[in-house]
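Commentary on secondary and tertiary structure
The chain contents come next:
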Amino acid sequence: MIFNIEVNNKEIKAKRGETILKALLRNGIRVPTLCHMSNQLPTGACRLCVVEVEGRDGLIPSCSMPVEEWMKIKTHSPRVIKARKTIVELLLANHPDDCLYCERNGNCELQDLAEELNVRERRFSGNKHQHKKDIVDPSIVRDPEKCILCERCVRTCDNIIGMSAIDFVNRGKKMTLGTIYNKGLNRVNCIECGQCIMVCPTGALLEKSRPGSLQEALHNPKTHVVAQISPTVSVSLAEEFGIKAGKDLNGVINTTLRKTGFDKVFDTSFGLDIVITEIARELKTRLNKESVEMPLFSSDCPAWIKYAEDFEPDILPHLAHIKSPQQVLNSVVKTYYARESGIRAENIYTVSIMPCTAKKYEAVREEMFTDNNPDTNMVLTTRELAKFIKLHGIDLNSSEPELADYPFGIRSSSGKLPAIAGGLTEAVLRSLHQLLTGEDLMNFKISPLRSGNGRKEYKFKIKKKEINCIVVSGMRNVQLLLEELKIGKVKADFVEVTVCPGGCVNGGGQPIGRTEKDLKARMKSIYEIDDKDSIKFAYKNPQVVELYDKFLNMKGHGDNDKILRPLFKKRANL
């Protein structure tokens, strides 16, 4: 039911059952909040969204109060503004005074509110929080001193990811954000996805950075510095520079990195073409053997792999026996490319530019080292890449796009699709169709895998075979699916898993402050690339064919197992 309510002396439309905040936002009236999360139940923790409702003595939290037909609301009256300003001043009373040095300076919601509410002096002073910074984890840094107890990270980790790695400890003025027994994130059930960073309004949660190491490598004449760019980064970096969301900057990023001193720039989608090829072959083999473990699970998401190793070791034999695209490409760089270029592997410095914080954890896994030399020397998130470009003073708008470098610069559009949940499955099915029939899939666009959220199910028919595919994103959804598979409620032949809701386009290393509109723009750009590109199948990538002919030999035996094959193993109990 739709009815009118009065807001700031003007009537607007409201819907029965929605909150005041939702009605206001839908009508283009912004009310500040620090604790509100769309699609989550309201908590009313921050009280910044209070409004004045005629007939009510106190101010009303708009995030939790349903609209009523009789309501006359003031959203920015002097009384409301004063209350909001006081709340921000109280939050700042014991907040660290290090904005100039804070990673989130210029992109901090608390800082923005202080500016918006014209907070120009400290009226309240409180005891500063004294908490030790958690810097042991390879992916995420936790700084409890900057936590404002908004609860967004707690609800994300619990309700969306399903891990509950962080929670409130103590009570009253001693309450803070912590982990079980106050251990580091690397010793609790954190899977490194970084979704907590994406929702944190301050600098309490950040990715772990090592910019100095890269600068040293770039200015060391003996070091050959190589970058690979994730297919997701090219359609999300634009947002960090005020450019329209979804604009594909792949060629511009190649140019930019060369200007900063990189010797070679490769495309991670090349590694994805290898991964797609290997998964399709393995799926074909498993489909023809009733004795092997089914379903086959994807293995390209390091956060999912960490979860499986920690909590579902029985799943490990079901994982596709192929490393992630990042590790495949960097392994090939330090073997085949090193041999072909006459460069010693230890003199090659590989940089992966990823939308994911879990890639930082993956890069330091012991099995990702060869003779004490890491296959991946550094992982930069999309956010870190933006800072790196700004540090070097390069104007993206004046940079002409350039192609990636040989021999890992050509890709198929299938190599771009895994940026979105369902894209890997679509790409694998294209290659599987060719393996089973010897023909290209004519209707290469699989629309059912391009719609829906959280979980998608699709039956793919090839001749007399019917292949049951399930795509699941968001770790909470993964957990529910695993339970259904165990009790036989559902059956599948192939399961694609991404921990981040919606896939890597929504990864924990992406631009902070993204909206649903931004995510849709990124997805649209990926699908448009698939429509326009001439090479749509991974097995038709000429450079991948050349690599198999010259090096991988299409068998994966001997040393090639070290390059392509991961070692999944049950980890010690936490």
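Before reading further, recall that the structure is shown in the block above.
So, a few notes on the structure that sits alongside this text. Here the structure is a predicted model, which means the values were calculated and not measured. (Residues numbered from 1 in each chain as written. Predicted model: local features only at pLDDT ≥ 70, side-chain atom pairs only at ≥ 80, totals over all residues. Heavy atoms only, no water.)

Where helix 10 (residues 325-341) contacts helix 16 (residues 542-552), the axes come no closer than 12 Å and their chain directions differ by 80 degrees. Relative to helix 16, the element helix 10 is oriented roughly perpendicular. Across the interface between the two elements, Val332, Thr335, Tyr336 and Arg339 of helix 10 pack against Glu546, Leu547, Lys550 and Phe551 of helix 16. Split into classes, the residues belonging to the contact of helix 10 with helix 16 amount to four nonpolar, one polar and three charged. (Axes fitted to C-alpha atoms, helices over the stretch in contact; angles between N-to-C directions. Helix = DSSP H or I, 4+ residues; strand = E, 2+ residues; numbered from the N terminus. Parallel < 35°, antiparallel > 145°, perpendicular 65-115°, else oblique. Contact = heavy atoms within 4.5 Å. Nonpolar A, V, L, I, M, F, W, Y, C, P; charged D, E, K, R; others polar.)

Quick look at the pattern of salt bridges now. Counting across every chain of the model gives 42 salt bridges. Arg123 is the partner of Glu89 in a salt bridge, and the nearest nitrogen-oxygen pair spans 2.7 Å. With Glu89 in helix 2 (residues 78-93) and Arg123 in the loop between helix 3 (109-116) and strand 6 (140-142), this residue pair connects regions lying 34 residues apart in the sequence. Take Glu89: its relative accessible area is 5%, and that puts it in the buried class. For Asp158, the salt bridge identified is with Arg476, shortest N-O distance 3.4 Å. Here Arg476 lies in helix 14 (residues 475-486) and Asp158 lies in helix 4 (residues 152-160), a separation of 318 residues in the sequence. We classify Arg476 as partly exposed; its relative accessible area is 30%. Overlapping salt bridges bring together Glu426, Arg430, Arg450 and Asp530 as one network. (Salt bridge = Lys/Arg side-chain N within 4 Å of Asp/Glu carboxyl O. Buried < 20%, exposed > 50% of the residue type's maximum accessible area, 1.4 Å probe, protein only.)

Tallied over the full model, the rule gives five cavities of 30 Å³ or more. In terms of lining residues, the largest cavity is bounded by 25 residues, among which Asp300, Pro355, Cys356, Lys359 and Cys504 are the most central. Counting residues per element, the ones that place at least two in the lining of the largest cavity are helix 8 (268-287), helix 9 (302-311), helix 10 and helix 11 (358-363). Empty space within the second largest cavity amounts to approximately 110 Å³. Lining the second largest cavity we find 15 residues, and of these Cys157, Ala165, Cys190, Cys193 and Cys196 sit closest to its centre. For the lining of the second largest cavity, a count of residues per class yields 12 nonpolar, two polar and one charged. (1 Å grid on protein atoms, 1.4 Å probe; cavity = no way out; pocket = protein on both sides within 12 Å on 5 of 7 lines; lining within 4 Å. Points joined across faces, edges and corners; volume = space filled by probe spheres on them.)

Cis peptide bonds are those with omega within 30 degrees of zero, and the linkage from Met294 to Pro295 qualifies with 5 degrees. Cis geometry is found at the peptide bond from Tyr406 to Pro407, where omega equals 10 degrees. For Pro407, the location among the structural elements is in the loop between helix 12 (382-391) and helix 13 (423-437). Within the chain, Glu151 stands out as a residue other than glycine whose phi angle is a positive 80 degrees. Checked against the element boundaries, Glu151 lands in the loop between strand 6 and helix 4.

Applying the stated criterion across every chain, the model contains 12 aromatic pairs. Note on Tyr458 and Phe460: the rings are 6.2 Å apart at their centroids and 40 degrees apart in plane angle, and the pair reads as tilted. Judged by its relative accessible area of 5%, Phe460 falls in the buried class. Members of the aromatic cluster, joined through ring pairs, are Phe266, Phe270, Tyr336, Tyr337, Phe408 and Phe551. For the cation-ring pair, Arg281 lies above Tyr548, with the distance from its terminal atom to the ring centre recorded as 4.9 Å. The ring of Phe241 has Lys390 sitting right over it, with the charged end atom 5.2 Å from the ring centre. (Phe/Tyr/Trp six-rings, centres within 6.5 Å; stacked < 30°, edge-to-face > 60°. Lys NZ or Arg CZ within 6 Å of the ring centre and 35° of its normal.)

Direction vectors running N to C along helix 2 and helix 3 enclose 130 degrees, while the axes themselves pass 10 Å from each other. Taken as axis vectors, helix 2 and helix 3 run oblique relative to one another. The two elements helix 2 and helix 3 meet at a crossing, and its hand is left-handed. Where helix 2 abuts helix 3, its residues Val88, Leu91 and Leu92 lie against Leu110, Leu113 and Ala114. (Left-handed = near helix turned anticlockwise from the far one by under 90°.)

An order of 2-1-5-3-4 is seen for the five strands of this open sheet, with the pairing classed as mixed. Sheet topology places strand 2 (10-15) and strand 4 (60-61) at the edges, where each strand pairs with a single neighbour. Bridge count between strand 3 (residues 50-53) and strand 5 (residues 72-74): two bridges; the pairing is antiparallel. Counted as the bridge partner of Glu52 is Lys74 from strand 5. (Pairing = 2+ DSSP bridges.)

A few words now on the environment of Leu237. As for its position among the elements, Leu237 is in the loop between strand 10 (224-229) and helix 7 (250-260). Of the residues examined, Leu237 reaches a relative accessible area of 0% and is grouped as buried. For the pair Leu237 and Arg383, spaced 146 residues apart in sequence, the C-alpha separation works out to 7.8 Å. In contact with Leu237, other than residues within four places in its own chain, are Leu249, Ile253, Thr382, Leu385, Ala386 and Ile389.

With respect to the helices and strands, the residue Ser431 is situated in helix 13. Aside from chain neighbours lying at most four places away, what touches Ser431 is Ile276, Ala280, Ala538 and Tyr539.

Strand order in the open sheet formed by four strands is 11-10-13-16, with parallel pairing between adjacent strands. Looking at strand neighbours, the two that pair on one side only are strand 11 (264-267) and strand 16 (378-381), the edges of this open sheet. Shown here is a sheet whose adjacent strand axes are inclined to one another by a mean of 25 degrees, direction ignored. Summarising the sheet, strand 13 (residues 348-354) and strand 16 pair through four bridges and their orientation is parallel. For Met354, the partnering residue across the bridge sits in strand 16 and is Thr381.

Our next topic: the nonpolar core. In terms of nonpolar packing, the biggest core is built from 50 residues, with Phe297, Trp304, Met475 and Val499 touching the most fellow members. Mapped onto this core, the elements with two or more residues apiece are helix 4, helix 5 (195-199), helix 9, strand 18 (465-473), helix 14 and strand 19 (494-498). Excluding its chain neighbours within four sequence positions, the residues that come into contact with Val499 are Ile161, Ile191, Cys193, Cys301, Ala303, Trp304, Ser473, Gly474 and Met475. Residues Leu283, Val328, Leu424 and Cys469 belong to the second largest nonpolar core, which totals 47 residues. (Core = buried A, V, L, I, M, F, W, Y, C linked by side-chain atoms within 4.5 Å.)

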